[in-house]
Amino acid sequence: MTTTIETIGLQEVEHPLKFLKSLNIKNISIKKAPEKRKPIITKGDKKLDPKGLFGIWHDSHCTLESVRSTAWKRNWDI
């Protein structure tokens, strides 16, 4: 079993370590958390004309109620 305890610094680690050692738990490992990376943002291609996408659903015969009923019937098991 693995238990994770997140702390800010080494001083905060001392108290849980003393407690675990008092329970005779010998298999203890300390790992430094991976550094959080900033997401890479790439600029889009401004040469593309989005006007071609306008009205792509104009021939679709659906109502808000039909969209909602279809969405609620989905199986969301992950």
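Here we summarise the structure given alongside this text. (Residues numbered from 1 in each chain as written. Predicted model: local features only at pLDDT ≥ 70, side-chain atom pairs only at ≥ 80, totals over all residues. Heavy atoms only, no water.)

Things to note about the overall build of the chain
Across its full length, the chain holds 2 helices and 0 strands. Here the C-alpha radius of gyration of the chain, 27 Å, is well above what a compact globule of 78 residues would show, namely 12 Å. Put simply, the chain has 78 residues, and 3% of those count as buried. Surface accessibility of the chain: about 9300 Å² in total, with carbon and sulfur atoms responsible for 58%. Taking the average place of the 15 positive charges on the side chains of the chain and the average place of its 9 negative ones, the gap between the two points comes to 7 Å. (Helix = DSSP H or I, 4+ residues; strand = E, 2+ residues; numbered from the N terminus. Rg over C-alpha atoms; globule rule 2.2 N^0.38 Å. Buried < 20%, exposed > 50% of the residue type's maximum accessible area, 1.4 Å probe, protein only. Areas by Shrake-Rupley, 256 points an atom, 1.4 Å probe, with all protein chains shown as cover. Lys, Arg positive; Asp, Glu negative; His and termini not counted. Charge placed at Lys NZ, Arg CZ, Asp CG, Glu CD.)

Some words on unusual backbone geometry
Although it is not a glycine, Asn-24 adopts a positive phi angle of roughly 60 degrees. Looking at the secondary structure, you find Asn-24 in the loop between α1 (10-22) and α2 (64-72). Judged by its relative accessible area of 62%, Asn-24 is exposed.

By themselves these figures say nothing about function.
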